[in-house]
Amino acid sequence: MPHRYRLGDNRPVHESLLTIAVPSPLHRSFDYLPPLATDIAALLPGMRVRVPFGARMTIGILLEVTAHSRIDRKRLKRALAVLDRSPALSADILAMARWASAYYQYPIGEALSAALPALLRRGQPPADPDDTGWRLTMAGAHLDPATLRRAPRQTAVLRQLHSRPEGLRRAELEATPEVLRTLREKGWIEACTLATSDTPAPTECEAGHVLNAAQQAAVDAVRETLGGFAAFLLEGVTGSGKTEVYLRIIAAVIAERRQALILVPEIGLTPQLVERFRRRFAVPLAVLHSGLNDSERLAAWRRAGSGEALIVIGTRSAIFTPLARPGVLVVDEEHDASLKQQDGLRYSARDLAVWRARQLAVPVVLGSATPSLESLYNVAQARYRHLLLPERTGSAGLPSYEILDLRRQPLEHGLSPGMLARIRAHLADDGQVLLFLNRRGYAPTLICHDCGWIAGCSRCDARMTVHQAERQLRCHHCGSQRPVDTHCPACGGEDLRPLGQGTERVEQALAEHFPEVERLRIDRDTTRRKGELANLLQQARAGHGRILLGTQMLAKGHHFPDVTLVGILNVDQGLFGIDFRASERMAQLIIQVAGRAGRRDRTGQVVIQTHHPDHPLLQTLVRQGYPAFARAALAEREAARLPPASHIALVRAEATEASLPSGFLEGVKQQIHELGVADVEVWGPVPAGMERRAGRFRAQLLLQSTQRGSLQRLLGSLVRRLEQAKAARKVRWSVDVDPADMF
Ligand code: ADP
Ligand code: ZN
Ligand code: ZN
């Protein structure tokens, strides 16, 4: 809370101070004297302030106006200028970013800075002056006009604004500056950014489907809670009409001219989804994704913050988009790992969405065919309400599963005779075939048949992938590349062979077996050019390419109505991954890929190749489905006290010198013991799964507790100590709270 001396206070009146979050690696804010001739009363948290910091100038965010500082006033520097007339970071985003900074142990200045679009971070004005206007606040909208009978000029303005909830330009308002000031001071109107073009009235254009009973129940449950906080897990098998449920909820929200924020894993991968929203609603939409340049991003951000865009769709970072009139938050594919940021402020956009919805008092819907164990656990703990869509829409049933035992089978470039026979049968029956292999390139590595040498990356503990068409070896971890060796560097032999399969190699094999059949390969290598992915997906949907082959780009969210056979070429990696989430990820991937099959009226067939056909989790998954798998996996996690049955954080360190990271982490462990927290366990330090990556050695320390509070308190103290520690300067260290990836 801002402190200000009131008249009559007999303490010495000092100039107020500004507490500012300045982007820096330090986990604290800084106090400044206000710029000369500043109207302190006009300052609000979230405004940008230009300040001197060390030898440079930078832009910080005002956190509060205060009377006291722990630092001697004489030593405080003076801020140079306040850049905003209204806060660049709205109160809601400011609160969320502050919370995220504390929870994820990331410096406050950097965290707030990350919440701003790049152009605002660099000092650009928040809005085009032409676009500023006025609109009613919530209080103003609910005002009883009778209370204002003796202020006709104020009433007139309120009436005018009432007919235009999105706001009016200053010039369009018939009001004197005094009237506007009075209304603003009463809290009935506020300044806003306006759309540049005329906003059409919200209408639903394309009609939706008649909902089935489960969809209707889900829509009703959420609609009943509009206007207050509630968290829902919408679990619907693939093709059960989850998106249709979102659309109906959103229709109700925008009918009240409130906004819906929808988070999706990767917009580039699901161009159809945005199209579906556009076709359904003739309302302004803002789409935020990594393909935007800085000014496009700022424009979309403004249209969301002004309330003009009633629908805001974006990837992970869109959780920081301001909303003038929030109505509902939706997180699609809530299990997807891409919702967790893997560097900098390591936030989970899903978890922030739930936090934000609570703050905004709006419902949040997390949707998935394969919910994360975290969300299922939250359902079990009665924190989320469970909405189920158990059946597919239309006549197609769920696909049937078959496990193909690869042991002792002859394999041709990763394809077993059984798989080839099934592909042939489906093609003959006019079906479309989708083959999934989560590895691009020709082969995962190159081996010398004479001595066993394997082509490794010189900068990583990883193998080089063979890319045949380009005659190159590439490291998928650091990007380094070199021509394919002609001689073995170890023995000089010439019998160098690609080992294992990537999509490029399988495609060649398919060309030999099915020369007359049209094929489409969709992976990162075939979709480098802009627009190429959308183009290939379009062809795939249209039924061109009787065989579709691809990596997980092909697995997510697409509808291929003619696909009758899904072949999963290799699941064994997922069954034996070192990460405790490996089996969960594998199961989600299988179900998601399988979900592409049999959507029109033909039931699909899913065939999984494995060397471990009896693996218990795989068996549970294909025989009893994802919910049964999830129950079993959750029981295992609880027995092992792994998340979500406990809370974990990783302290990571990396350096170019091999011994530094683990040495540093030993010191961290020592500090933790000195801090003496009873209910947090410490494991390690151990080298990371891939110890060396891009020339740096990496190690990690695992902290685990059943008490989130204890873990948080420990991390807070620890980070403050590390900030001071000399040893911490020799390594690059970071904290990852609720890590999604254990490497
Ligand atoms: P999901 O998001 O669960 O994969 P979608 O909402 O995309 O499912 O629905 C799958 C398909 O079923 C889409 O083609 C959609 O148009 C259609 N669909 C959705 N709901 C219904 C319904 N109630 N009746 C008929 N078809 C529907
Ligand atoms: Zn050799
Ligand atoms: Zn590498």
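Check the entry above for the structure.
This brings us to the packing of aromatic side chains. In the structure shown here, the tally under the stated rule is seven aromatic pairs. On the basis of an interplanar angle of 40 degrees and a centroid distance of 5.8 Å, the ring pair of Tyr626 and Phe629 is categorised as tilted. On the criterion of helical spacing, the pair formed by Tyr626 and Phe629 is a turn pair, its members being three residues apart in helix H19 (residues 626–639). Exposure remark for Tyr626: the relative accessible area of 3% places this residue in the buried category. According to the relative accessible area criterion, Phe629 is buried, its value standing at 0%.

The next subject is helix H6 (residues 177–185). Taken as a whole, H6 has its buried residues at Val179, Leu180 and Leu183. In a view along the axis of H6, the buried residues occupy a sector of 100 degrees, so they form one face of it. Seen from the open side of H6, the exposed residues pointing more than 90 degrees away from its buried face are Pro177, Arg181, Arg184 and Glu185. Immediately beyond the C-terminal end of H6, within one or two residues, lies Gly187, with a positive phi of roughly 80 degrees.

What follows covers the packing of helix H12 (residues 373–380) against H19. For any two helices packed against each other, one specifies the crossing angle of their axes together with the interaxial distance. Contact pair H12 / H19: the axes reach a minimum separation of 10 Å and the direction vectors enclose 85 degrees. When the axis of H12 is compared with that of H19, the two are roughly perpendicular. Residues Leu373, Leu376 and Tyr377 of H12 form the contact with H19, whose own contacting residues are Tyr626, Ala630, Ala633, Leu634, Arg637 and Glu638.

Once that is clear, we can look at the coordination of the zinc ion (ligand 2). Under perfect tetrahedral coordination by four donors, a metal shows angles of 109.5 degrees; under perfect octahedral coordination by six donors, it shows angles of 90 or 180 degrees. Ligation of the zinc ion (ligand 2) by protein atoms is provided by Cys448 (SG), Cys451 (SG), Cys488 (SG) and Cys491 (SG), these donors lying 2.2 to 2.4 Å from the ion. Because the angles between the four donor atoms bound to the zinc ion (ligand 2) fall within 105 to 114 degrees, the donor set is best described as tetrahedral. Look at where the donors of the zinc ion (ligand 2) fall in the sequence and you get C-x2-C-x36-C-x2-C. Remark: Cys488 occurs in the loop between strand S21 (481–483) and strand S22 (496–499) and Cys448 occurs in strand S18 (residues 445–448); sequence separation between them is 40 residues. Residue Cys448 is classed as buried on the basis of its relative accessible area, which comes to 2%.

Moving on: the sheet that holds strand S27 (residues 647–655). Sheet architecture is open: four strands sit in the order S28-S29-S27-S30, paired in antiparallel fashion. Whereas interior strands pair on both sides, the edge strands pair on one side only; in this sheet they are strand S28 (681–693) and strand S30 (732–737). If you compare each strand with its neighbour and ignore which way they point, the axes differ by 20 degrees on average. Where S27 lies against S30, six bridges are found, and the strand directions are antiparallel. The partner of Glu654 across the bridge, within S30, is Arg732.

The zinc ion (ligand 3) binds to the protein through Cys457 (SG), Cys460 (SG), Cys475 (SG) and Cys478 (SG); the donor distances cover 2.3 to 2.4 Å. For the zinc ion (ligand 3), the four donor atoms are set out with angles of 104 to 115 degrees between them, so the coordination reads as tetrahedral. Look at Cys457 and you get buried, because its relative accessible area is 6%. Classification of Cys478 by relative accessible area gives partly exposed; the value is 21%.

With that settled, the discussion passes to the pairing of strand S11 (residues 285–288). Here is the key point about a regular strand: its side chains alternate between the two faces of the sheet. A two-sided burial pattern is seen for S11, the buried positions comprising Leu285 and Val287 on one face and Ala286 and Leu288 on the other. One crossover worth recording links S11 to the parallel strand S12 (residues 311–314) by way of helix H10 (residues 294–305), and it is right-handed.

Around ligand 1 sit 14 residues, and of these His209, Val210, Gln215, Thr243 and Arg276 come closest. One of the backbone nitrogen or oxygen atoms of Ser240 is found 3.3 Å away from an oxygen atom of ligand 1. When ligand 1 sits alone it has 550 Å² of accessible area, and the protein chains cover 76% of it. Tallied by class, residues from the shell around ligand 1 come to two nonpolar, nine polar and three charged.

Before going further, it helps to spend a moment on the side chain of Arg692. Residue position: Arg692 is located in strand S28. For Arg692, the side chain forms a polar contact with the main-chain oxygen of Ser458, separated by 2.6 Å. A distance of 3.3 Å separates the side chain of Arg692 from the backbone oxygen of Cys460, its partner in a polar contact. Aside from chain neighbours lying at most four places away, what touches Arg692 is Cys457, Ser458, Arg459, Cys460, Asp461 and Phe697.

The interhelical angle for the contact between helix H1 (residues 91–103) and helix H11 (residues 349–360), taken along N-to-C directions, is 135 degrees, at an axis separation of 10 Å. As the angle between them shows, H1 and H11 are arranged oblique. Note that H1 runs across H11; the crossing there is right-handed. Residues Asp92, Ile93, Ala95, Met96, Trp99 and Ala100 of H1 pack against Leu352, Trp355, Arg356 and Leu360 of H11. Residues of the contact of H1 with H11, tallied by class, amount to eight nonpolar, no polar and two charged.

Our focus in this paragraph is the side chain of Asp332. When you line up the elements, Asp332 lands in strand S13 (residues 326–332). Buried charge without a salt bridge: Asp332, with Lys242 as the nearest opposite-charge side chain at an N-O distance of 6.2 Å. Polar side-chain contacts of Asp332 include one of 2.7 Å to the side chain of Tyr246. Excluding residues within four positions of it along the chain, Asp332 makes contact with Tyr246, Leu263, Val264, Pro265, Leu339 and Gly367.

All right, on to the pattern of salt bridges then. Taken as a whole, this structure holds 32 salt bridges when the rule is applied. Linking Arg135 and Glu190 is a salt bridge whose minimum nitrogen-to-oxygen distance equals 2.9 Å. Of the two residues, Arg135 is situated in strand S6 (residues 132–136) and Glu190 in strand S8 (residues 189–193); the sequence distance between them amounts to 55 residues. The salt bridge partner of Asp525 is Arg440, with a shortest N-O separation of 3.0 Å.

Calculation notes
- Residues numbered from 1 in each chain as written.
- Chains lettered and ligands numbered in written order.
- Predicted model: local features only at pLDDT ≥ 70, side-chain atom pairs only at ≥ 80, totals over all residues.
- Heavy atoms only, no water.
- Phe/Tyr/Trp six-rings, centres within 6.5 Å; stacked < 30°, edge-to-face > 60°.
- Helix = DSSP H or I, 4+ residues; strand = E, 2+ residues; numbered from the N terminus.
- Buried < 20%, exposed > 50% of the residue type's maximum accessible area, 1.4 Å probe, protein only.
- Arc of directions from axis to C-beta.
- Axes fitted to C-alpha atoms, helices over the stretch in contact; angles between N-to-C directions.
- Parallel < 35°, antiparallel > 145°, perpendicular 65-115°, else oblique.
- Contact = heavy atoms within 4.5 Å.
- Donors = N, O, S within 2.8 Å, 3.2 Å for Na, K, Ca; no water.
- Tetrahedral: all angles 85-135°; square planar, octahedral: opposite > 155°, others 65-115°.
- Pairing = 2+ DSSP bridges.
- Right-handed = clockwise from strand over helix to strand, strands pointing away.
- Near = heavy atom within 4 Å.
- Polar contact = N/O pair within 3.5 Å; in protein donor to acceptor, adjacent residues only side chain to side chain.
- Areas by Shrake-Rupley, 256 points an atom, 1.4 Å probe, with all protein chains shown as cover.
- Nonpolar A, V, L, I, M, F, W, Y, C, P; charged D, E, K, R; others polar.
- Left-handed = near helix turned anticlockwise from the far one by under 90°.
- Lys, Arg positive; Asp, Glu negative; His and termini not counted.
- Salt bridge = Lys/Arg side-chain N within 4 Å of Asp/Glu carboxyl O.

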